Amino acid sequence: MENLIRRFRSWVSRSFSTRVFNIFQLEVTSKCNLKCIMCPRVSIPRQWSSGNMSMDIFKRVSEYFHYSRVVYLSGWGEPLLHEKILDMIRLAKEAGCIVGFTTNGMLLTEHLSRELLKLKLDMLAFSIDGATPQTYESIRVGGKFDQLIENIKTLSMLKRKARSKKPEVIITFLMMKKNINELPSVVDLAHEL
């Protein structure tokens, strides 16, 4: 019986990780460079508090990353506005986590794309709420559709050159009456990108 218990304990320790949480989602900033029509930052601006999570708080939270499989650095703000986003990604990766975030993509320069590749960011989701500049820019007010597409293409090209599968590029599409008719075209666009 003792041997059976020992074998069971050994199996449990091999089969189950100490990562008891699937995902930690952290809003590293509530600031944004766009004024999207569906965002509470736009609909309730007087009640919205814009700011960045301090690196001190992030470091304190990061002490618990080893309990989570994924660290997702997004909320209502634009993560690329946080001046320490690369350091945050690095800390989460050092904890052995899968790391990603959602972006509007406007601030993703070629240099920043190269840095994300070096850090081996696991996933990068882009919010694309239209297949045409007119629809996209009427929803993501202040965004430039052509710039977004070019930024994603640059990242994809750099990934190919580096022979890297990371970051996985994800396209998110918030369906609403204003854009639902463009969903098939967004699927085609996602395939192209």
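For the structure, check the block above.
Note that residues are indexed from 1 along each chain, following the sequence as it is written. Only residues with pLDDT of 70 or above have their local features reported here, since the model is predicted, and side-chain atom pairs are shown and tallied only from 80 upward, although totals for entire chains, interfaces and linings are computed over all residues. In computing side-chain properties, one takes all heavy atoms of the structure into account and sets aside hydrogens as well as water.

Draft legend 1. Structural detail: the packing of aromatic side chains. By convention, a stacked pair of Phe, Tyr or Trp rings (six-membered ring in the case of Trp) has centres within 6.5 Å and planes under 30 degrees apart, an edge-to-face pair has planes over 60 apart, and any other such pair is tilted. Within this structure, the stated rule accounts for 4 aromatic pairs. Seen from their ring centres, F21 and F24 are 5.4 Å apart, and the 45° between their planes marks the pair as tilted. Among the aromatic residues, those joined into a ring-pair cluster are F21, F24, F58 and F65.

Draft legend 2. Region of the structure containing the sheet that holds strand β7 (residues 168-172). Pairing between two strands requires that DSSP report at least two bridges joining them. Numbering goes from the N terminus for both helices and strands, where a helix is a DSSP run of H or I of at least four residues and a strand is a run of E of at least two. One open sheet holds the 5 strands; their spatial order is β1-β3-β4-β5-β7, and the pairing between them is parallel. For this open sheet the edge positions go to β1 (21-25) and β7, each flanked by a neighbour on one side alone. On average, each strand axis in the sheet is inclined to that of its neighbour by 20°, with strand direction left out of account. Across 4 bridges, the pairing between β1 and strand β3 (residues 68-72) is parallel. Directly across from I23, in β3, lies its bridge partner V70. What counts as an axis is a line fitted to C-alpha atoms, over the stretch in contact for a helix, and the angles between N-to-C directions run from 0 to 180 degrees.

Draft legend 3. Geometry of the pattern of salt bridges. We define a salt bridge as a side-chain nitrogen of Lys or Arg found within 4 Å of a carboxyl oxygen belonging to Asp or Glu. For the structure shown, the criterion picks out 9 salt bridges. Ionic pairing is found between R140 and D129, a salt bridge with its closest N-O pair at 2.6 Å. Linking R140 in strand β6 (residues 140-141) with D129 in the loop between β5 (123-127) and α6 (133-139), this pair joins segments that are 11 residues apart in sequence. Take R140 and D129: they sit in the same class, and that class is buried. Type-normalised accessible area, obtained with a 1.4 Å probe on protein chains alone, sets the label of each residue: buried when under 20%, exposed when over 50%, and partly exposed for intermediate values.

Draft legend 4. Spotlight on the packing of helix α3 (residues 55-62) against helix α4 (residues 85-94). At their nearest, the axes of α3 and α4 sit 10 Å apart, and the two run at 10° to each other. With respect to each other, α3 and α4 are oriented roughly parallel. Every residue of α4 that contacts α3 at M55, F58, K59 and S62 is listed here: D87, M88 and L91. Class assignment of the residues belonging to the contact of α3 with α4 gives a composition of 4 nonpolar, 1 polar and 2 charged. Working rule for angles: under 35 degrees goes down as roughly parallel, over 145 as roughly antiparallel, 65 to 115 as roughly perpendicular, anything else as oblique. Contacts: residue pairs with any heavy atoms within 4.5 Å of one another. Residue polarity is assigned by list, with Asp, Glu, Lys and Arg as charged and Ala, Val, Leu, Ile, Met, Phe, Trp, Tyr, Cys and Pro as nonpolar; anything else, Gly included, falls into the polar class.

Draft legend 5. Up close: the layout of surface pockets. Lining residues are defined by having an atom within 4 Å of a point belonging to a cavity or pocket. Those points lie on a 1 Å grid over the protein atoms alone, cavities being sets where a 1.4 Å probe fits but cannot get out and pockets being open sets with protein on both sides within 12 Å along at least five of seven lines. Grid points are joined across faces, edges and corners, and a volume is the space filled by probe spheres set on the points. Space inside the largest pocket adds up to approximately 370 Å³. G75, W76, T102, S127 and R140 are, among the 22 residues lining the largest pocket, the residues nearest its centre. Where the lining of the largest pocket is concerned, the elements lending two or more residues are β2 (35-36), α2 (40-43) and β4 (98-103). Residues belonging to the lining of the largest pocket are distributed by class as follows: 10 nonpolar, 7 polar and 5 charged.

Draft legend 6. The arrangement of the environment of S113 in detail. On the secondary structure map, S113 appears in helix α5 (residues 110-118). Sequence separation between S113 and M123 is 10 residues; the distance between their C-alpha atoms is 12 Å. Aside from chain neighbours lying at most four places away, what touches S113 is L108, L155 and L158.

Draft legend 7. Representation of the packing of α5 against helix α7 (residues 145-162). Where α5 meets α7, the axes come as close as 10 Å, and the angle between the chain directions of the two elements is 45°. When the interaxial angle is binned, α5 and α7 end up oblique. In this structure, α5 meets α7 at a crossing whose hand is right-handed. Between α5 and α7, the residues in contact are E110, S113, R114 and L117 and T154, L155, L158 and K159, respectively. Among the residues forming the contact of α5 with α7, the class breakdown is 3 nonpolar, 2 polar and 3 charged. When the near helix sits turned anticlockwise from the far one by under a right angle, the crossing is termed left-handed; a clockwise turn instead gives a right-handed crossing.

Draft legend 8. Focus on the nonpolar core. Ranked by internal contacts, the top residues of the largest apolar core, which has 37 residues, are F58, L73, I89 and I128. Taken together, the elements giving at least two residues each to this core come down to α3, α4, β4, α5, β5 and α7. Counting residues per element, this core draws most heavily on α7, at 5 residues. In contact with I89, other than residues within four places in its own chain, are L73, V99, F101, L116, L119 and L121. Among the buried residues, those of types Ala, Val, Leu, Ile, Met, Phe, Trp, Tyr and Cys that are joined through side-chain atoms within 4.5 Å form a nonpolar core.

Don't take any of this as a statement about function, it's just geometry.
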